[in-house]
Amino acid sequence: MNKKNRSIIRAIIITLSVFAVIIVSLSFCLMKHLMGVSKEKTEAEARAFHNIDESWQSIQATNDDVSAMLFFPADRSSHFYSIYCKHKGLSKGFFFRIGGTISEISSECVQFVFEDNNSQIYASMNKQKICKAEIDDGDHVNTISLNDPFILVFPSNAGNVTLYNTYGEVVAPRKRYVP
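Report on the accompanying structure. Counting restarts for each chain, with residues numbered from 1 along the sequence as it is written. Local features in this predicted model are restricted to residues of pLDDT 70 or higher, and side-chain atom pairs are both shown and tallied only at a pLDDT of 80 or more, whereas totals for entire chains, interfaces and linings draw on every residue. Only hydrogens and water are set aside; all other atoms, that is, all heavy atoms of the structure, feed into the side-chain values.

Moving on to the overall build of the protein chain. A helix here means a DSSP run of H or I that spans at least four residues, while a strand means a run of E at least two residues long, and both kinds are numbered starting from the N terminus. From N to C terminus, the protein chain includes 3 helices and 12 strands. Here the globule rule is a power law, 2.2 Å times the number of residues to the power 0.38, and the radius of gyration is based on C-alpha atoms. For the protein chain, the C-alpha radius of gyration of 24 Å lies well beyond 16 Å, the compact-globule estimate for 179 residues. Projecting the C-alpha coordinates of the protein chain onto the three principal axes gives extents of approximately 95 × 40 × 25 Å. To sort residues, take the accessible area from a 1.4 Å probe on protein chains only and compare it with the maximum for the residue type: under 20% means buried, over 50% means exposed, and anything in between is partly exposed. Put simply, the protein chain has 179 residues, and 35% of those count as buried. Whether two residues are in contact is decided by their heavy atoms: any pair within 4.5 Å suffices. Taking the contacts inside the protein chain whose residues are at least 6 apart along the sequence as the reference set, 49% of them involve residues at least 24 apart.

Only buried Ala, Val, Leu, Ile, Met, Phe, Trp, Tyr and Cys residues count toward a nonpolar core, and they belong to the same one when joined by side-chain atoms within 4.5 Å. Core analysis: the biggest nonpolar cluster contains 19 residues, and Ile83, Ile105, Phe112 and Ile121 have the highest contact counts within it. Taken together, the elements giving at least two residues each to this core come down to strand E2 (66-72), strand E3 (80-86), strand E5 (109-114), strand E6 (119-124) and strand E9 (150-155). At 4 residues, E2 tops the list of elements feeding residues into this core. Residue contacts for isoleucine 83: discarding those within four places in its chain leaves Val66, Ser67, Ala68, Phe95, Phe96, Arg97, Ile98, Phe112, Phe114 and Ile121. Among the nonpolar cores identified, the runner-up in size contains 13 residues, and Tyr122, Ile130, Ala133 and Leu152 belong to it.

A separate point is the packing of aromatic side chains. Stacked, tilted and edge-to-face are the three classes assigned to paired rings of Phe, Tyr and Trp, where Trp is represented by its six-membered ring and a pair needs centres within 6.5 Å; plane angles under 30 degrees give stacked, over 60 edge-to-face, the rest tilted. All told, the structure shown has 4 aromatic pairs when counted by the stated rule. Residues tyrosine 81 and phenylalanine 112 carry aromatic rings whose centres are separated by 4.9 Å and whose planes lie at 35° to one another, so their mutual orientation is tilted. Taken together, the residues span a long stretch of sequence, with tyrosine 81 in strand E3 and phenylalanine 112 in strand E5 at a distance of 31 residues. Relative accessible area serves as the criterion here: at 1%, phenylalanine 112 is assigned to the buried category. Their ring planes at 75° and their centres at 5.7 Å tell us that tyrosine 84 and phenylalanine 96 sit as a pair that is edge-to-face. Here the residue tyrosine 84 occupies a position in strand E3, and phenylalanine 96 occupies one in strand E4 (residues 94-100), the gap between them amounting to 12 residues. Of the residues examined, phenylalanine 96 reaches a relative accessible area of 32% and is grouped as partly exposed. Taken together, the ring pairs in this structure connect Phe49, Tyr84 and Phe96 into an aromatic cluster. Charge-over-ring contacts are defined here by two conditions on Lys NZ or Arg CZ: a distance within 6 Å of the ring centre and an angle within 35 degrees of the ring normal. The ring of phenylalanine 94 has lysine 86 lying over it, and the distance from NZ or CZ to the ring centre is 5.1 Å.

Salt-bridge detection follows one rule: a side-chain nitrogen of Lys or Arg within 4 Å of a carboxyl oxygen of Asp or Glu. Summed over the entire model, instances satisfying the criterion amount to 6 salt bridges. With its nearest N and O atoms 3.1 Å apart, the salt bridge here joins arginine 47 to glutamate 43. With arginine 47 and glutamate 43 both in helix H2 (residues 42-50) and 4 residues apart, this pair spans about one turn of that helix. The closest approach of N and O atoms between arginine 76 and aspartate 148, which form a salt bridge, is 3.9 Å.

Moving on, we come to the sheet that holds E6. With mixed pairing, the 4 strands of this open sheet are ordered in space as E9-E6-E5-E12. A strand with exactly one partner marks an edge of an open sheet, and here the two such strands are E9 and strand E12 (174-178). Taking the axes of each pair of neighbouring strands and ignoring which way they run, one obtains an average angle of 20° across the sheet. Across 5 bridges, E5 lies against E12 in parallel orientation. Of the residues in E12, the one forming a bridge with glutamine 111 is lysine 175. Only strands joined by at least two bridges in the DSSP assignment are considered to pair. The axes are straight lines fitted to the C-alpha atoms, using for helices just the contacting stretch, and the angles between their N-to-C directions are given from 0 to 180°.

In short, the description is geometric, and any link to function would need to be established separately.
Listed below in structure tokens is the structure:
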């Protein structure tokens, strides 16, 4: 082989090596997004993604399929919610599904209803003074005491959820359907 052919082969090898490194790097980045975020990292991910101030308090509720968070400042003058869901298939982590500010969360309780999810999610800054949730699965009733504000996540087969205020009155949540 002459010197010119060796230079061409060397240039081809270097070019292919650079492309291989780029493809491997992109594959790792893509795999990270396909794997999702662990339960322990969802709050940090939500704060970074939505630029939520570190001074805001957060409450979180998680089950096998959903991780839901409610963020608010100390004076409770505002709020931000963020819901992460697991995808079906190979992914093991949670993926951002929906988030933002809904005026109903400030004044009422919102029940998020997802078309493709088997969880029930309730969020409220609790101006209605909801003090307990009763979950009736048909055999027995579980009671959860609530404080201001709250976010709850139940599996769809948990049973009927009934919310009560401090006067013992039933409080119906505002349903919010999410496609």
